[in-house]
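Summary of structural features
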Amino acid sequence: QLQASGGGLVQTGGSLRLSCAASGRTFSDYGMGWFRQAPGKEREFVAAISRSGANTLYADSVKGRFTISRDNAKNTVYLQMNSLKPEDTAKYYCAANYWTTTHTMGNYDYWGQGTLVTVSS
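Now for a description of the structure that goes with this document.

The rules we used
Residues numbered from 1 in each chain as written. Predicted model: local features only at pLDDT ≥ 70, side-chain atom pairs only at ≥ 80, totals over all residues. Heavy atoms only, no water. Buried < 20%, exposed > 50% of the residue type's maximum accessible area, 1.4 Å probe, protein only. Helix = DSSP H or I, 4+ residues; strand = E, 2+ residues; numbered from the N terminus. Pairing = 2+ DSSP bridges. Phe/Tyr/Trp six-rings, centres within 6.5 Å; stacked < 30°, edge-to-face > 60°. Lys NZ or Arg CZ within 6 Å of the ring centre and 35° of its normal. Disulfide = S-S within 2.5 Å.

Description of the pairing of strand S4 (residues 30–37)
Taking burial as the measure, the eight residues of S4 include seven buried ones, the bulk of the element. Bridge analysis of S4 against strand S9 (residues 90–98) gives eight bridges, and the strand direction is antiparallel. Bridge assignment links Met-32 to a residue of S9, and that residue is Ala-96. Alignment of S4 against strand S5 (residues 44–49), held across five bridges, turns out to be antiparallel. Note that in S5 the partner of Trp-34 across the bridge is Ala-47. Connecting the antiparallel pair S4 and S5 is a turn made up of six residues, with Gly-40 showing a positive phi of about 80°.

What follows is the structure, given as structure tokens:
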């Protein structure tokens, strides 16, 4: 089970940190990812992190502004979002992918319920 939290309303240029707490399986066996879906748009990849946290992937649209990290002792993955823009407004989902690190949505096995991020201009 994946439980995302930390969303909210923030002004342009602000910051938010999303968290995703995992339970029920061995967290360190899973690569983790964040995806987002804006109203009327398809879900898209945001960031991914390897099982150990040593390797990360980012969408070009967030590179340099967002940072994904994980704490395997706490079974939690984070997404630090800085310099937020109105186009970052979306529902953000965390997902777990057994063993690998990938940006491919179809490779993820488990999904959280999402947390809404709204960036006002």
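Things to note about the packing of aromatic side chains
In this structure the tally under the stated criterion is seven aromatic pairs. Ring centres of Tyr-98 and Trp-99 lie 5.6 Å apart, and the angle between their planes is 35°; on these two criteria the pair is classed as tilted. Judged by relative accessible area, which is 44%, Tyr-98 ranks as partly exposed. A network of ring pairs unites the aromatic residues Tyr-30, Tyr-98, Trp-99 and Tyr-110 as a single cluster. Over the ring of Tyr-93 we find Arg-43, and its NZ or CZ is 3.7 Å from the ring centre. Of note, Arg-43 hangs over the ring of Trp-111, and the distance from its end group to the ring centre comes to 5.0 Å.

Description of the state of the cysteines
Under the criterion given, the structure shown has one disulfide. Each sulfur of the disulfide joining Cys-20 and Cys-94 lies 2.0 Å from the other. Classification of the bridge connecting Cys-20 and Cys-94 rests on its S-S torsion, roughly 60°, and on that basis the disulfide is right-handed. Here Cys-94 lies in strand S9 and Cys-20 lies in strand S3 (residues 16–22), a separation of 74 residues in the sequence. Of the two residues, Cys-20 and Cys-94, both sit in the buried class.

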